[in-house]
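# Examining the three-dimensional arrangement
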Amino acid sequence: MRAVAADGVWKYFGDYPALRGASLEVAKGACVALIGRNGAGKTTLLRILASLSKPSKGKIDIAGRIGYLGHGIGVYDDLSAIENLTLFGRLAGVSNPAATAGAALEQVGLSRVKEGLAREFSRGMRQRLAIARAFLHTPELLLLDEPFTSLDDRAVAVLQKLLSDARSRGSTIIMSTHQIREAMELASDVALLERGRMIFAGPRSSEMLLDPGWLYRTYGEIKE
Amino acid sequence: MAALAIAGKDLRTEWRTKESLNASVSFALVILVLFSFAFDLDREELLAISGGLLWLVYAFAGALIVNRSFARELPNDCLDVLIASPAPGWAVFLGKAVACFLLLILVELISLPVFGLFYNIHWAGSIFPLLLVIALATWGITVVGTAFSAVTVNVRLRELMLPVLLYPLLIPLLIGAMEMTTGLLNGNAVLSDIRILLVFDAVFTSLSIYLIDFILVI
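This one's a predicted model, so the numbers in the text were calculated from it and none came from an experiment.

With that settled, the discussion passes to the overall build of chain A. Along its length, chain A carries eight helices and nine strands. What you see for chain A is a C-alpha radius of gyration of 18 Å, in line with the 17 Å of a compact globule of 224 residues. Seen through its C-alpha atoms, chain A measures out along the principal axes to roughly 55 × 35 × 35 Å. Sorting the 224 residues of chain A into buried and exposed places 48% on the buried side. Long-range pairs, those at least 24 residues apart, make up 71% of the contacts in chain A between residues at least 6 apart in sequence.

Here it is in structure tokens:
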């Protein structure tokens, strides 16, 4: 059963095509590492999948509720941690948003500072709050844009635990990353974007796990 | 439910920061006080321009309120999270419009007694029809303003762009509100133009709800 289908997706910014006919099919429950160099179109594709941007051409089909973690943390500085998560719980229509928010803060180790304003939190605490926000409504599809970038050790452990729980619940995960070794350990599938084209999409193989550079050497460097 | 959550969030953050409320209240009071010194009008002339003066102040004060509506979502990329959330776009829009409406009503209720005091205009006798006109016209200002706040949210000069887009569209609403307010302040309970406000509110509320997804996701 498919969780995500992107068919021949193009996205222009002015005259520049950030995506050039990228296609991707993701089965329900899969964990896809979306990799590619800077400017390859990873963020653009994730934003289109998250309904934050419309494709210029091509079709998108998404099944289920989305949890999105982008480059910004997506929490309000002038609300407390519990207020932030309760708000997002209400927006997602979860039953008993305050209790769900409290449980989520417990999971990410912020329950002791739940009444503190997000603006007063350290960078690591804000990142954990953002992670709790993205996972709060137990989404069927998680779209994570470089989720491990600049996380401290504790936040990495929290995120890995939540990703593991999400996978065991059957959630589908698509995460863009530059940390290929860590991503390969988590991923069941790999998608490689280069200059807006999807040049590889398939199951993660043992070569990819053993040698993070193998994928780029084998499929990379499009000749124009 | 989602709309109420958004409205509650906007009111709560505004109450804590007072970033648009302070600016809007100060602006309304300063303009009312300055105009009272600037013009040397007799009572008849003053009554003739009273509705126009009041609604010019409200319209400019309203722009300061609605300017922050979607701009408030820019820090930390909160707008992305709102759009990606399961809450429909129309609920996000309505929540923001309701919050702006309540904030602007507060500014208007604070400045109305100041208006009466400085211009020696007695509005208490027609308070209920005046409140009806204020409520309907304020909803029109906030619904159009909130929609244009979404249009200009990613524009670099949004503080300039929003009034340029907003005021031409508000002309029919403001003319209706000004005429009715002038009539009420002169002791004539004229509500003949109320249909203009009702139609304006209904058309622009429906249009904004229909278009908000096209505005936010580009």
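To continue, consider the interface of chain B and chain A. Between chain B and chain A, the contact holds 21 residues from the first and 24 residues from the second. Breaking the side of chain B that touches chain A down by element, the ones donating at least two residues are α1 (2-17) and α4 (78-84) of chain B. When residues in the side of chain B that touches chain A are grouped by element, the largest group, seven residues, is from α1 of chain B. Split by residue class, the side of chain B that touches chain A holds twelve nonpolar, four polar and five charged.

This part takes up the packing of helix α6 (residues 127-151) of chain B against helix α7 (residues 158-185) of chain B. In helix packing, the relevant descriptors are the interaxial angle and the interaxial distance, both defined with respect to the helix axes. Residues and elements named next belong to chain B. Close contact between α6 and α7 brings their axes to 10 Å; oriented N to C, the two are set at 180°. Considered as vectors, α6 and α7 are oriented roughly antiparallel to each other. On α7, the residues touching Pro129, Leu130, Val133, Ala137, Gly140, Ile141, Val144, Gly145, Phe148, Ser149 and Val151 of α6 are Leu162, Leu165, Leu166, Leu169, Leu170, Leu173, Ala177, Met180, Thr181 and Leu184. Residues belonging to the contact of α6 with α7 are distributed by class as follows: 17 nonpolar, four polar and no charged.

Attention now moves to the environment of leucine 32 of chain B. Residue and element names in this part refer to chain B. With respect to the helices and strands, the residue leucine 32 is situated in helix α2 (residues 21-38). In this structure, the C-alpha to C-alpha distance between leucine 32 and valine 66, residues 34 residues apart in sequence, is 20 Å. Ignoring sequence-local partners within four residues, the contact set of leucine 32 consists of Val57, Ser111, Val114, Phe115 and Phe118.

Before going further, it helps to spend a moment on the domain arrangement of chain A. All names here are of chain A. By the assigned domains, chain A splits into domain 1 (1-64 + 140-224) and domain 2 (68-138). Once you take the C-alpha centre of each, domain 1 and domain 2 turn out to be 25 Å apart. For the side of domain 1 that touches domain 2, the element with the highest residue contribution is helix α5 (residues 153-169), accounting for seven residues.

As a further point, take the environment of leucine 52 of chain A. Position of leucine 52 of chain A relative to the elements: it lies in the loop between α1 (42-49) and β4 (57-62). According to the C-beta neighbour criterion, leucine 52 of chain A is buried, with 23 such atoms within 10 Å. Beyond its immediate stretch of four places on either side in the chain, leucine 52 of chain A contacts Arg47 of chain A together with Asp80, Ile83, Ala84 and Val217 of chain B.

This part covers the packing of helix α3 (residues 43-71) of chain B against helix α5 (residues 89-119) of chain B. All names here are of chain B. Two numbers describe how α3 lies on α5: the axes approach to 9 Å, and their chain directions differ by 145°. As α3 packs across α5, the resulting crossing turns out to be right-handed. Taking contact as the criterion, the partners of Leu46, Ser50, Leu54, Val57, Tyr58, Ala61, Gly62, Ile65, Val66, Ser69 and Phe70 in α3 are, on α5, Lys96, Cys100, Leu103, Leu104, Val107, Glu108, Ser111, Phe115 and Tyr119. Considered class by class, the residues forming the contact of α3 with α5 number 14 nonpolar, four polar and two charged.

What follows covers the sheet that holds strand β1 (residues 2-13) of chain A. All names here are of chain A. The sheet built from three strands is open, its strands ordered β2-β1-β4 with antiparallel pairing. Sheet topology places β2 (16-27) and β4 at the edges, where each strand pairs with a single neighbour. Taking the axes of each pair of neighbouring strands and ignoring which way they run, one obtains an average angle of 15° across the sheet. Pairing of β1 with β2, which is carried by eight bridges, proceeds in the antiparallel orientation. Bridge pairing links phenylalanine 13 to tyrosine 16 in β2. Against the sheet, α1 engages β1, β2 and β4, with an angle of about 120° to β1.

What follows deals with the sheet that holds strand β9 (residues 197-203) of chain A. Residues and elements named next belong to chain A. Taken together, six strands build an open sheet; the order of strands is β5-β6-β7-β3-β8-β9 and the sheet is mixed. Sheet topology places β5 (66-69) and β9 at the edges, where each strand pairs with a single neighbour. Within this sheet the neighbouring strands show an average axis-to-axis angle of 15°, counted without direction. Across the sheet, α1 touches β3 (31-35), β6 (141-145), β7 (172-176) and β8 (189-194), and the angle it forms with β7 is around 150°.

Rules of the game
- Sequence positions are assigned chain by chain, starting from 1 and proceeding in written order.
- For naming, the first written chain is A and the first written ligand is 1, with later ones following in the order written.
- Reporting in this predicted model follows two pLDDT cut-offs: at least 70 for local features of residues, and 80 or more for side-chain atom pairs to be given and counted; totals over whole chains, interfaces and linings ignore these cut-offs and use all residues.
- Starting at the N terminus, helices and strands are each numbered in turn, a helix being any DSSP run of H or I of at least four residues and a strand any DSSP run of E of at least two.
- This radius of gyration counts C-alpha atoms alone. The globule rule is 2.2 Å times how many residues there are, raised to the power 0.38.
- Here a residue counts as buried when 20 or more other C-beta atoms fall within 10 Å of its C-beta, as exposed when 12 or fewer do, and as partly exposed in between; the C-beta atoms come from the backbone.
- Two residues form a contact once the distance between their C-beta atoms, set from the backbone, is within 7 Å.
- Throughout this entry, Asp, Glu, Lys and Arg are counted as charged residues, while Ala, Val, Leu, Ile, Met, Phe, Trp, Tyr, Cys and Pro are counted as nonpolar. The remaining residues, Gly among them, count as polar.
- Axes here mean lines fitted to C-alpha atoms, for a helix over just the part in contact, with angles spanning 0 to 180 degrees between N-to-C directions.
- Should an angle lie under 35 degrees it is considered roughly parallel, over 145 roughly antiparallel, and from 65 to 115 roughly perpendicular; all remaining angles are considered oblique.
- Residue ranges assigned to each domain were obtained from an automatic or database domain assignment.
- What makes a crossing left-handed is the near helix being turned counterclockwise from the far one by less than a right angle; a clockwise turn instead makes it right-handed.
- The rule for pairing is simple: two strands pair if DSSP sees at least two bridges between them.

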